[in-house]
Amino acid sequence: MSLPSGSVILHVGPHKTGTTTLQAAFHQNRERLAEQGVRYAGHRKHSMIAAMAAASGHRLATSGADAGERAWQEIVDEVRESRERHVVLSSEFYSEASPERIRGILDELGAERVHVVITLRPLVRILASQWQQFMQNRPAMNYDDDLDYPGWLDQVLNHPDDNRHGTPAFWRRHRHDAMVEKWASVVGTEKMTIVVVDDRDKQMLTRSFEELLGLEPGTLVPREEGANRSLTFPEIKLLTAFNRDYVARGFGVADYTKFVRFGAARFLQERRPDDDEPRLLTPEWAVQRAARIGAEAAAAIAATGIDVVGDLALLGDPTVASGVGENDADDRVPLEVVVRLAAGLVKVAAQLPAAVAPDSRSPGPLESGVRRDKAARRQRTEAANLAVEVRRTREELDRVLLADDLSRVGLARVLVGRVRRRVSRGG
Amino acid sequence: MAEQAGPGSLGERVQAELASAQLRDTTLVERLAAALDTAAADHGLDGTSLPGHLPADLGGSLALAVLEAIATSLETETQPVDQPVDERVDDERRRELEDLRNRLAQRRDDPENIENLSFGALARRLVRRRQPAGTGAR
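For the structure given in this document, a descriptive report is provided here. In every chain, residue numbers begin from 1 and rise along the written sequence. Starting at A for chains and at 1 for ligands, labels are handed out in the order in which the entities are written. The model is predicted, so local features are restricted to residues of pLDDT at least 70 and side-chain atom pairs to those at 80 or more, both for listing and for counting; the totals for chains, interfaces and linings are taken over all residues. As a rule here, side-chain values cover all heavy atoms of the structure and leave hydrogens and water aside.

### Digging into the overall build of chain B
Counting from the N terminus, the helices are the DSSP runs of H or I reaching at least four residues and the strands are the DSSP runs of E reaching at least two. Looking only at helices and strands, chain B features five helices and one strand. Start at the N end of chain B and walk to the C end: the helices and strands fall as α-α-β-α-α-α. Residue exposure (1.4 Å probe, protein chains only): buried if accessible area is under 20% of the type maximum, exposed if over 50%, otherwise partly exposed. Relative to its full complement of 138 residues, chain B shows a buried share of 34%. Residue contacts follow a heavy-atom distance rule, with two residues in contact if any of their heavy atoms lie within 4.5 Å. Sequence separation of 24 or more characterises 57% of the internal contacts of chain B that already satisfy a separation of 6 or more.

### Considering the overall build of chain A
Summing up its helical and strand segments, chain A has 16 helices and seven strands in all. Principal axes of the C-alpha set define a box for chain A whose edges measure 110 × 55 × 45 Å. Burial statistics for chain A: of 427 residues in total, 55% are counted as buried. Counting contacts in chain A only where the partners sit at least 6 residues apart, residues at least 24 apart contribute 78% of the total.

### Points about the sheet that holds strand β6 (residues 307-309) of chain A
Residues and elements named next belong to chain A. Pairing is parallel across the open sheet formed by six strands, whose spatial order is β2-β3-β1-β4-β5-β6. Edge positions in the open sheet fall to β2 (38-40) and β6, since each of these has one partner strand only. The sheet shows a mean angle of 25 degrees between the axes of neighbouring strands, direction not considered. Any two strands between which DSSP finds at least two bridges are classified as paired. In this structure, β2 lies alongside strand β3 (residues 86-90), joined through three bridges in parallel fashion. Paired with Val 38 across the bridge in β3 is His 86. Structural elements are reduced to axes, namely lines fitted to C-alpha atoms, with helices fitted over the stretch in contact, and the angle between N-to-C directions of any two is expressed from 0 to 180 degrees. Strand contacts of helix α9 (residues 176-187): β1 (8-11), β4 (114-120) and β5 (192-196), with the helix running at about 175 degrees to β4, the strand carrying the most contacts.

### Things to note about helix α16 (residues 408-425) of chain A
Residues and elements named next belong to chain A. Each residue after the first adds 1.5 Å to the expected span of a helix. Counted at 1.5 Å a residue, the expected span for α16 with its 18 residues is 26 Å, and the 26 Å between its end C-alpha atoms agrees. The complete set of buried residues in α16 reads Gly 410, Leu 411, Val 414, Leu 415 and Arg 418. Taken end-on, α16 shows its buried residues confined to a sector of 140 degrees, consistent with a single buried face. Facing away from the buried surface of α16 by more than 90 degrees, the exposed residues are Arg 413, Arg 420, Val 423 and Ser 424. In this description, one arc is meant: the one made by directions from the helix axis to the C-beta atoms.

### So, empty space enclosed by the protein
If a probe the size of a water molecule is rolled over the atoms, the empty space left behind becomes visible. All names here are of chain A. In this analysis the probe radius is 1.4 Å and the grid spacing 1 Å, with only protein atoms considered; a cavity is a set of points the probe fits into but cannot get out of, a pocket is an open set with protein on both sides within 12 Å along at least five of seven lines, and lining residues have an atom within 4 Å of a point. Grid points are joined across faces, edges and corners, and a volume is the space filled by probe spheres set on the points. In total, this model carries two cavities of 30 Å³ or more according to the counting rule given. Of the voids in this model, the largest cavity is the one considered here, and its volume is about 60 Å³. As for the largest cavity, its lining consists of Tyr 40, Ala 41, Lys 45, His 46, Ser 47, Ile 75, Leu 89, Ser 90 and Tyr 94. In the scheme used here, Gly and all other residues not listed as nonpolar or charged are polar, with Ala, Val, Leu, Ile, Met, Phe, Trp, Tyr, Cys and Pro taken as nonpolar and Asp, Glu, Lys and Arg as charged. The class makeup of the residues in the lining of the largest cavity is five nonpolar, three polar and one charged. Considered as a void within the structure, the second largest cavity measures approximately 50 Å³ in volume. Leu 123, His 174, Arg 175, His 176, Asp 177, Ile 293, Gly 294, Ala 297 and Leu 315 are the residues that line the second largest cavity. Taken together, the elements giving at least two residues each to the lining of the second largest cavity come down to α9 and α13 (284-304). Broken down by class, the residue content of the lining of the second largest cavity amounts to four nonpolar, three polar and two charged.

### Notes on the pairing of β5 of chain A
Residues and elements named next belong to chain A. With respect to burial, β5 is a largely interior element, five of its five residues being buried. Covered by surrounding structure in β5 are Met 192, Ile 194 and Val 196 together with Thr 193 and Val 195, the residues of both alternating faces. The pairing of β4 with β5 spans five bridges and is classified as parallel. Bridge pairing in β5 places Val 117 opposite Thr 193. Relative to β6, β5 runs parallel, the two sharing three bridges. Looking at the pairing, Val 195 lines up with Val 309 of β6.

### Some points on the pairing of β3 of chain A
All names here are of chain A. Of all five residues making up β3, five are buried, and the element is well covered by its neighbours. Burial along β3 is two-sided: the face carrying His 86, Val 88 and Ser 90 and the face carrying Val 87 and Leu 89 are both buried. In terms of strand pairing, β1 meets β3 through four bridges, oriented parallel. Looking at β3, one finds that Val 8 is bridged to Val 87.

### With respect to the side chain of Asp 255 of chain A
All names here are of chain A. One can find Asp 255 in helix α12 (residues 253-269). For the purpose of charge, His is not counted, nor are the chain termini; Lys and Arg are scored as positive and Asp and Glu as negative. Definition used for salt bridges: Asp or Glu carboxyl oxygen within 4 Å of a side-chain nitrogen of Lys or Arg. One buried charged residue, Asp 255, remains without a salt bridge, the closest side chain of opposite sign being Arg 361 at 7.9 Å. Residues within four places of Asp 255 in sequence aside, it is in contact with Tyr 246, Val 260, Gly 364, Pro 365, Leu 366 and Glu 367.

Written out as structure tokens, the structure is:
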């Protein structure tokens, strides 16, 4: 099914449903999309701060006060001015929008043009990666650090209303039926499509979007997705231990965002672990519980009558879970993982520029301090270089002589010198 | 399980891990690597022979030592070891350098620069210097 020409496709995620793959595919194939009359809005792979501002009014801890709002307005202007057959927006952060925020988004983009696409994935395949994602943003949450992964699962699956888990966003994103119904109540079921991601068919997600947008097959192939693998069990054990100390030490969210979330954690993900390095496992009871919730969601979504690409039954199928079992109780981690995390932090510090941050950013005290320190060091180096250059230029000036600078004896010496040079050149 | 990780301190391993990143701020990298070695020593780890595995809590504390070192250096940076730089002095120096360079260029281009004068021209100036004032040869 292709969407009518002029449609604005708003892909709202939620998280952990192949959004990174899709965004990489759109961003890296902008030219091929343009040739086929499709624009991917924004300049980045993922216009995250714009979507956060529009969907919830939240901002990254490192963003300037109104950077997200400005970024969102740029996207709105781009959509309004576009003359392409389709414009695509994609961010998992739209999934968290309240009905009022959804209305605002539709009004700004032009409600009559917007078609909402929701990608869904079985809850049993989301739990582990979503918990890891939360752990990579730990200081931004009111999380009880005594909760390990099984403890968190118990809280969210068996006591969802008791916010000891500190991750209320989980059910805003992943009570999939409620999320779908929320969007349908504002957008209308006829202007929505749901794609159920089937991990057994790697191209299924991008192919579904190619069909929706009327693109040539193979247009949406990501050239590189960047680091997006899940952390291994030792990596996540180390990170949670680090987080505990980080929070206890009183370091802030903005510095965590810069140094860890978008720094050292990504650097860990770029590491290639051995095949036998343990993965984070989800206990069987949690898989069964999540599958039951998924089945309830699938039934409710089917009842809405919204167009579905793929198999809704997957949402309630416990057999699609991977990494099921109990995690090793060994609390030790390989030294190389510790080295990698530490190196990631050093790398962020070393790559910071020797200048204060631009107004669009709101860096934490550690980042600001490193920037200031580097700027001062650079200034001192430049001052030292300047002093050397002044001295050299003065010496050079002293060596350049005018005839009037010389006494008779001096002139005579110059002449004698030239005679000598001539004689020696003449052999 | 008491296997060793081979030679190399924690700081050296971090520097090796970053070798391919070709970071330009080697001063900071070395400083933070040294802080890691200090933290490892504080936790009783032998810098020349590290174990292949560490308790996760210890690993987390060691990694945090990078940020601790930054925070500590920022606290001490309020009174820098080096001479503080006065930007006005820098500006004066830049103006002085520009002035010197202008003068240098002028002197190099000056027809009276001895490098620009021929042998004969130099000889004539020498002869003129030998003439008493007012008796210059024409």
